[in-house]
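Structural features, examined
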Amino acid sequence: MVLGASHLQVLRLAARRIRYNAHHYGARWRIQRHPQRIVRARQHGTPLAEYRADACCPECAAMPSLPPPNPGLYDEMFDGATPRPHCAAYADWLHGLSDEALSARQREADLLFRRHGVTFTLRDNPALDRHIPFDIVPRILPARDWALLERGLRQRLAALNAFLHDIYHDRDILRAGVIPPEQVLTNPQYQVAMHGLDLPNRVYAHVAGVDLARHSDGAFYVLEDNLCVPSGVSYMLESRKMMRRLFPELFARLDIAPVEHYASLLLSTLREASPVAQPTVVVLTPGRHNAAYFEHAFLARQMGVELVEGQDLFVQNDRVWMRTTAGPQAVDVIYRRIDDAFLDPLAFNPDSLLGVPGLLSVYRKGQVALCNAPGAGVADDKSIYPYVPDMIRFYLGQEPLLNNVQTWQLRKPDDLAYVLTRLPELVVKEVHGSGGYGMLIGPLASRAEIAEFRQRILAAPANYIAQPTLALSTCPSVVEAGLAPRHVDLRPFVLSGGDIRIVAGGLSRVAMQAGSLVVNSAQGGGAKDTWIVEGA
């Protein structure tokens, strides 16, 4: 998994924002579609590599200049100059769309996203809502690729939930020496209050977002598991709604797997967390100033349940109640979008004004369900991530279907020594970090940034892991000049209850800047619709 010199050279070139010659690639595409252009190019005395659309017929002059895939990287739509088989129908349609028409559709999508209030709050400016950049060129996967991903995701979440049940009960995996006990028991996300507590279906992570990336070898790798309060599913659903509105002809023409039923699956999963026959479900939000408040309100609306803040709930007679205009109403399931520390000021952070006093006591008595369970975050800590393949073998007796990225744990002296000599080549992450913050991307960092990060590592090595710089796959995206390749990853959402449920696809996150590998929305990343094409 360590990248060779050629891959690192590609990344450095991307960091300098090398502009690709779209006219060159567009000429090759047009020649494939219209062989007579070879003759016309020769008549003009123009080499094919320099042949421009405006030297040809008006039909071709209006066609979009398609982007050349970055050399050494896997492109999701093209294999060299040829569309991949599962993208051929879309690429053929795109070929007939002018640059002007494409730009007009993109402007319409931007306007609709603003009107619908599809927003996210930046960490460095929480008072300002920004709309999520949305790219109208989809990321298309064949059904056979998705079938493997789905099996791997089911396997991974089954093991992660088994791990969480184990560490809060018998701790067999720790006794067997598979994972060092101190890695778990001293982890800030480990909640002693969860010890010995039996949960329905032994599920702790009811909603999970697993970040995947396709490397230059064409294989998918797991970047990280998000089990605390994973976000982004609203952007997946809004992206699909937007694409259906803008391009109904494509959905009539192509067999694209649906995602619109996610809210129904989520509601079923939440209800299964309670022994009550018809449980009352609410979504607990920190409030409108939270970065993902749009998503909280969106999901509550889609499920047809109440969106509440901590002040809307209270504990009385070992039950959680919701204040309503018709009087108190008992609450059975809380889909909480609040971190553990702020859930209950009597049990966690005493200064919290976001939670519900006494909530944990009611939870431990089985009188209310919390999704996800407190303490689930220990399984998505980056210091635990390297052990997930071992969890799969230990609990399921299977080999992992999805590979981890090779990871060095800097708490280990040998790993630390190795990484310090190769910082310009590696990605270094804080074990408790999220949103792309607290991270060094060596090939894109300056010498000063690397030197400063080296000192941070030496001050607290156990707080960091390091990984090779993955060559994230690219996908054509709309930019000011037309189309250009941009790096993407994929976050499918996995629902665990009585069964494991996954909608086909997920949120494709895209790095909007040329050469950038940071796809997180909190740092300017955007969204694409993800199409799983049936029969491909």
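In this report, the structure presented in the accompanying data block is examined. (Residues numbered from 1 in each chain as written. Predicted model: local features only at pLDDT ≥ 70, side-chain atom pairs only at ≥ 80, totals over all residues. Heavy atoms only, no water.)

1. Notes on the packing of aromatic side chains
A complete count under the given rule lists 13 aromatic pairs for this structure. Here the aromatic rings of Trp93 and Phe247 are separated by 5.4 Å at their centres, their planes lie at 85 degrees, and the arrangement is edge-to-face. With Trp93 in helix H5 (residues 88-95) and Phe247 in the loop between helix H10 (233-246) and helix H11 (248-253), this residue pair connects regions lying 154 residues apart in the sequence. Trp93 gets classed as buried once you look at its relative accessible area, which sits at 14%. Look at Tyr168 and Tyr190: their rings are 4.9 Å apart centre to centre, the planes differ by 20 degrees, and that puts the pair in the stacked class. Residue Tyr168 is located in the loop between helix H7 (143-167) and helix H8 (172-175), and its partner Tyr190 is located in the loop between helix H9 (181-185) and strand S6 (207-214); the two are separated by 22 residues in the primary sequence. Tyr190 carries the same exposure label as Tyr168, and that label is buried. Here the aromatic cluster, defined as three or more aromatic residues joined through ring pairs, consists of Tyr90, Trp93, Phe247, Phe251 and Trp531. (Phe/Tyr/Trp six-rings, centres within 6.5 Å; stacked < 30°, edge-to-face > 60°. Helix = DSSP H or I, 4+ residues; strand = E, 2+ residues; numbered from the N terminus. Buried < 20%, exposed > 50% of the residue type's maximum accessible area, 1.4 Å probe, protein only.)

2. Some remarks on the packing of H7 against helix H15 (residues 388-396)
Between H7 and H15, the least distance of the axes is 9 Å, while the angle of their chain directions is 80 degrees. Our classification of the angle between H7 and H15 gives roughly perpendicular. For the pair H7 and H15, the contacting residues are Gln155, Arg156, Ala158, Ala159, Leu160, Ala162, Phe163 and Asp166 in the first and Val388, Met391, Ile392, Phe394, Tyr395 and Leu396 in the second. Partitioning the contact of H7 with H15 into residue classes produces 11 nonpolar, one polar and two charged. (Axes fitted to C-alpha atoms, helices over the stretch in contact; angles between N-to-C directions. Parallel < 35°, antiparallel > 145°, perpendicular 65-115°, else oblique. Contact = heavy atoms within 4.5 Å. Nonpolar A, V, L, I, M, F, W, Y, C, P; charged D, E, K, R; others polar.)

3. Side note on the sheet that holds strand S11 (residues 319-322)
Taken in spatial order, the three strands of this open sheet run S10-S11-S12, and their pairing is antiparallel. The sheet is open, and its two edges are formed by strand S10 (313-316) and strand S12 (329-331), each paired on a single side. Mean inter-strand twist for the sheet, computed between neighbouring axes without regard to direction, equals 45 degrees. As defined by bridge partners, S11 adjoins S12 across three bridges and the pair is classed as antiparallel. Bridge pairing links Met322 to Gln329 in S12. (Pairing = 2+ DSSP bridges.)

4. A closer look at unusual backbone geometry
At the junction of Cys371 and Asn372, the peptide bond is cis and its omega measures out at 0 degrees in the coordinates. Along the chain, Asn372 turns up in the loop between strand S14 (369-371) and H15. At Asn201, a position not held by glycine, the phi torsion is positive, near 65 degrees. The topology assignment puts Asn201 in the loop between H9 and S6. Although it is not a glycine, Asp318 sits at a positive phi angle of roughly 60 degrees. With a relative accessible area of 38%, Asp318 lands in the partly exposed category.

5. Considerations on helix H17 (residues 447-459)
If you check H17, its first and last C-alpha atoms are 19 Å apart, about what 13 residues at 1.5 Å a residue would give, namely 18 Å. For H17, the full list of buried residues reads Ile450, Phe453 and Ile457. The arc that holds the buried residues of H17, viewed along the axis, is 70 degrees, so those residues lie on one side. What points out from H17, more than 90 degrees from its buried face, is the exposed set Ala448, Gln455 and Ala459. Looking at the buried residues of H17, the elements they touch are helix H16 (413-420), strand S17 (426-430), strand S18 (439-441) and strand S19 (464-468). (Expected span 1.5 Å × (residues − 1). Arc of directions from axis to C-beta.)

6. Re the nonpolar core
Of all hydrophobic cores here, the largest spans 74 residues; its most connected members are Phe163, Leu164, Val184, Leu313, Ile334, Tyr363 and Met391. By residue number, the principal contributor to this core is H7, which donates 10 residues. When residues no more than four places from it in sequence are discounted, the contact partners of Tyr363 are Met194, Leu197, Leu199, Val368, Ala369, Leu370, Ala373 and Pro374. Counting residues in hydrophobic clusters, the runner-up holds 59 residues, among them Met77, Phe113, Met242 and Phe251. (Core = buried A, V, L, I, M, F, W, Y, C linked by side-chain atoms within 4.5 Å.)

7. Some words on the pairing of strand S7 (residues 220-226)
Burial within S7 is extensive, with seven of its seven residues counted as buried. Here S6 pairs with S7 via six bridges, running antiparallel. Across the sheet, the residue bridging to Gly209 is Asn226, located in S7. Between S6 and the antiparallel strand that follows it, S7, lie five residues; Gly218 among them carries a positive phi value of about 90 degrees. Here S7 runs beside strand S15 (residues 403-404); their pairing, made up of two bridges, is parallel. The residue of S15 that forms the bridge with Val222 is Asn404.

8. With respect to the pattern of salt bridges
Any two side chains of opposite charge can pair, on the condition that their charged atoms come close. Counted according to the given criterion, the structure contains 24 salt bridges. The closest approach of N and O atoms between Glu295 and Arg337, which form a salt bridge, is 3.0 Å. Within this pair, whereas Glu295 is found in helix H13 (residues 293-303), its partner Arg337 is found in the loop between strand S13 (333-336) and helix H14 (359-364), the two being separated by 42 residues in sequence. Three or more residues are tied together by salt bridges with common partners; here these are Glu76, Arg139, Asp145 and Arg214. (Salt bridge = Lys/Arg side-chain N within 4 Å of Asp/Glu carboxyl O.)

9. Points about the sheet that holds strand S8 (residues 281-284)
The strand order across the open sheet built from four strands is S9-S8-S13-S14, with neighbouring strands paired in parallel fashion. The open sheet has two edge strands with one neighbour each: strand S9 (306-308) and S14. Averaged over all pairs of adjacent strands, the angle between strand axes in this sheet comes to 30 degrees, irrespective of strand direction. Summarising the sheet, S8 and S9 pair through three bridges and their orientation is parallel. The residue bridging Leu284 from the neighbouring strand is Val308, located in S9.

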